[in-house]
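The residues making up each chain are set out below.
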Amino acid sequence: MPEDRRRFLVDITCEDQAFQRYMKEPDWLSFFETVLEKVFSYLSIPAHDISLSILLTNDAKMKELNNQFRGKNKPTNVLSFPSGDPLDEGVGFLGDMAFGIETIESEHPDFMSHMTHLAIHGILHLVGFDHETDEEAEEMEACEVEILELFNIPNPYRDL
């Protein structure tokens, strides 16, 4: 493997077949690898072998996870569970992400654009970004918008 090439090892579990309406499982793998590459390139994170687990599920499971890990008894669109700081090692497990199909479909008419945004958002959480304060939120949103531009997806915050 060349020094400047990243390799992403993405493990996807698809618990809700509704995700298959948008693309088949092998294409989801390619989708997440592409999003990871654009996020890491944008952030100028050095080349590493990176692994990540992704769960494509339903709102019932998202509600359960959100309640268990965040104390919020409601479904949500994406959850990220960082593993720590694996990037110092050169090889690392970023963590886990989960996506809830019904919430995602209800939030935006363009499912794939919204899914791309949520994948970027979740990956940014895994590499240390957060939005607990206004300053953190502004920094994270600015990164999201610029990465979305790489996919030719307009700023989702413009109309908020």
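An account of the accompanying structure is given in this report. These figures come from a predicted structure and were not determined experimentally.

## Digging into the pattern of salt bridges
At step 1: One pass over the full model with this rule turns up 3 salt bridges.
At step 2: In this structure, Arg21 and Glu105 form a salt bridge, with 2.3 Å as the shortest nitrogen-oxygen distance. Here Glu105 lies in helix H3 (residues 101–107) and Arg21 lies in the loop between strand S1 (7–14) and helix H1 (25–42), a separation of 84 residues in the sequence.
At step 3: The class of Glu105 is partly exposed, set by a relative accessible area of 27%.
At step 4: The partner of Glu64 in a salt bridge is Lys61, and the shortest N-O contact between them spans 3.6 Å. Of this pair, Glu64 and Lys61 both sit in helix H2 (residues 59–70), 3 residues apart, roughly one helical turn.
At step 5: Its relative accessible area of 25% is what places Lys61 among the partly exposed residues.

## Comments concerning H1
At step 1: Helix length check: H1 (18 residues) gives 26 Å between terminal C-alpha atoms against 26 Å at 1.5 Å per residue, within 8%.
At step 2: All of the buried residues along H1 are Trp28, Phe31, Phe32, Val35, Leu36, Val39 and Phe40. Angularly, the buried residues of H1 cover 155° about the axis, an arc narrow enough to put them on a single face.
At step 3: Following H1 by one or two positions, Ser44 has its phi on the positive side, about 55°.

What counts and what doesn't
Residues numbered from 1 in each chain as written. Predicted model: local features only at pLDDT ≥ 70, side-chain atom pairs only at ≥ 80, totals over all residues. Heavy atoms only, no water. Salt bridge = Lys/Arg side-chain N within 4 Å of Asp/Glu carboxyl O. Helix = DSSP H or I, 4+ residues; strand = E, 2+ residues; numbered from the N terminus. Buried < 20%, exposed > 50% of the residue type's maximum accessible area, 1.4 Å probe, protein only. Expected span 1.5 Å × (residues − 1). Arc of directions from axis to C-beta.

Remember that the coordinates give geometry; whether it matters functionally is a separate question.
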